[in-house]
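# Observations on the model geometry
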Amino acid sequence: MVTVLVGTQWGDEGKGKVVDHLAAQADIIARYQGGANAGHTVVVNGQRYVFHLIPSGILRPGKVCVLGNGVVIDPVSLAEEIRLVEKQGVNIRGRILIAENAHLTLPYHKLLDQVEDKRREKAIGTTGRGIGATYVDKYSRVGIRVVDFLDETIFREKLRTTLPLKNYLLETYYGEKPIQAEKVEEEYDKLRPFLQPMVTDVSLYLLESINQGKRILAEGAQGTFLDVDFGTYPYVTASHPVAGGVCTGLGLPPYKVNRVIGVAKAYTTRVGEGPFPTELQGELAEGLRQTGNEFGSTTGRPRRCGWFDAVLVKYACRLNGCHELVITKLDVLSGLEKISVAVAYRHENVLIKDYPLSSYVFSRVQPVYEEMPGWKEDLSSARRFNDLPLAARQYLERIEQMVETRISLVSVGSSREQIFQR
Ligand code: GDP
Ligand code: IMO
Ligand code: MG
């Protein structure tokens, strides 16, 4: 049984929290794309954990957490994250597996990502974690995979083949200091014994586990509109967060994937640059940002905030084939007189009902809103759908109609217990 959990907006939908909830009913939790650009927050018993590479199922004792071949792995970041999580009292021993054919993020990827984005005429606002630069090397066929790294000789050979070109670019074009091969080797050699015991043939492991009746939960990072093909290109990440990414990112046959769950915030946020039709400014935006604590989990940047965009979420539900949708952060909307939802766009006086793949068009559309009454009640202690005030229930029911997908779970706070079935 394979279930995929996918973000239906621009990331930060609360996937970490929902994965922690669903992981109780899973045996294996697997990341299939992205890297340490992700920031997944889970709050349990007042303790806050932020995961960048480790799957958010790690807080459920005994569950196995997997990083598939589609993930780009920064071993420095992973080692630091494991150290922090262990310090918080989590036993990770034998519980993290890494695909041997996953690509490694190296120091030049991080530096190139940062200087490239600074030099761009229109910055993307990347997380600076080297994500795009690592995937570029993967597709240029000059990347270094985990399995190559484990063999010291192969690692040295590959590093010394690739580094001169990177240094040429860094020095000549970006005016940066070159990166010394010896320094990289020294730092990374220390990480080899740490990484080695976790490395395996993940595709085989997962298939055997499925055949034994184990339940796999695939944890998407980022979101549908950050997907390199379906997102708001070029303001996207470099991987495939969409549900289809699971097969290539974990090495699973498509017919093994049984269920797709979308996650959406009750409003919309975006961090980084790029078009955002329902973005709010001023008091309303600031209100959502403060109440929702909308600051990036990875970079601390303030998130841009706006109304729920049903055009986008409906498209995401169709594209990912969501069987159900989870709505998070409904509590954040309490106290608003009126709540708006984008139901269509207008572009040059033409009504558009679907998400346009042209960034030129998408960056110029005006949202067409439907207004709904708000509610005053604090929702944080709601534990059943019927605990919600009428206006909140009607808001969810209207969203269901608009995005043509059943809402299965509703989240009303960051803590583990603040989630319930529709
Ligand atoms: P992810 O990247 O999709 O895992 O989301 P993030 O963790 O980056 O951002 C979601 C933020 O909202 C985190 O700080 C969560 O602790 C918090 N959160 C999740 N669900 C809820 C909710 O229902 N209500 C509130 N108020 N906060 C939530
Ligand atoms: P989670 O998994 C929100 C955004 C960056 C930038 C763009 C490209 O926590 O939802 P990158 O570093 O990936 O090359 O940056 O994508 N971005 C995210 N935004 N949540 C994320 O992850 C993100 N990961 C990348 O802000 O706009
Ligand atoms: Mg996040």
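Fair warning: this is a prediction, and the values are worked out from it, not measured in the lab. (Residues numbered from 1 in each chain as written. Chains lettered and ligands numbered in written order. Predicted model: local features only at pLDDT ≥ 70, side-chain atom pairs only at ≥ 80, totals over all residues. Heavy atoms only, no water.)

### What to know about the domain arrangement of the chain
- One can read the domain layout of the chain as domain 1 (2-100 + 198-261), domain 2 (103-193) and domain 3 (264-421).
- A C-alpha centroid distance of 23 Å is found between domain 1 and domain 2.
- Facing 24 residues of domain 1, the contacting portion of domain 2 comprises 21 residues.
- Between domain 1 and domain 2, the buried area comes to about 1,700 Å², and carbon and sulfur atoms account for 64% of it.
- Seen at the junction of domain 1 and domain 2, the total is one salt bridge.
- The partner of Lys110 in a salt bridge is Asp74, and the shortest N-O contact between them spans 2.9 Å.
- Run the count over domain 1 and domain 2 and you get six residue pairs in polar contact (both at pLDDT 80 or more).
- For the side of domain 1 that touches domain 2, the element with the highest residue contribution is helix α2 (residues 75-87), accounting for three residues.
- When grouped by side-chain class, the residues that make up the side of domain 1 that touches domain 2 number 14 nonpolar, eight polar and two charged. (Domains from an automatic or database assignment. Contact = heavy atoms within 4.5 Å. Buried area = accessible area lost by both parts, 1.4 Å probe. Salt bridge = Lys/Arg side-chain N within 4 Å of Asp/Glu carboxyl O. Polar contact = N/O pair within 3.5 Å; in protein donor to acceptor, adjacent residues only side chain to side chain. Helix = DSSP H or I, 4+ residues; strand = E, 2+ residues; numbered from the N terminus. Nonpolar A, V, L, I, M, F, W, Y, C, P; charged D, E, K, R; others polar.)

### Some thoughts on the site of ligand 2
- The environment of ligand 2 is made up of 20 residues, and the closest members are Asp12, Lys15, His40, Thr127 and Thr237.
- Lys15 places a side-chain nitrogen or oxygen 2.7 Å from an oxygen atom of ligand 2.
- The separation between an oxygen atom of ligand 2 and a polar side-chain atom of Asn37 is 2.9 Å.
- Here ligand 2 is seated within the largest pocket.
- Counted by class, the shell around ligand 2 contains seven nonpolar, ten polar and three charged residues. (Near = heavy atom within 4 Å. 1 Å grid on protein atoms, 1.4 Å probe; cavity = no way out; pocket = protein on both sides within 12 Å on 5 of 7 lines; lining within 4 Å. Sits in = over half its atoms within 2 Å of the grid points.)

### Observations concerning the coordination of the magnesium ion (ligand 3)
- The magnesium ion (ligand 3) binds to the protein through Asp12 (OD) and Gly39 (O); the donor distances cover 2.0 to 2.2 Å. Of the two residues, Asp12 is situated in the loop between β1 (2-7) and α1 (15-22) and Gly39 in the loop between β2 (28-31) and β3 (40-44); the sequence distance between them amounts to 27 residues.
- With relative accessibility at 10%, the residue Gly39 sits in the buried group. (Donors = N, O, S within 2.8 Å, 3.2 Å for Na, K, Ca; no water. Buried < 20%, exposed > 50% of the residue type's maximum accessible area, 1.4 Å probe, protein only.)

### What to know about unusual backbone geometry
- Look at the link from Tyr233 to Pro234: it is a cis peptide, with omega at 5 degrees.
- Even without a glycine there, the phi angle at Lys329 is positive, about 60 degrees.
- If you trace the backbone, Lys329 turns up in the loop between β15 (324-328) and β16 (338-347).
- By relative accessible area, which is 19% here, Lys329 ends up buried.
- Although it is not a glycine, Glu348 sits at a positive phi angle of roughly 50 degrees.
- Of note, Glu348 is situated in the loop between β16 and β17 (350-352).

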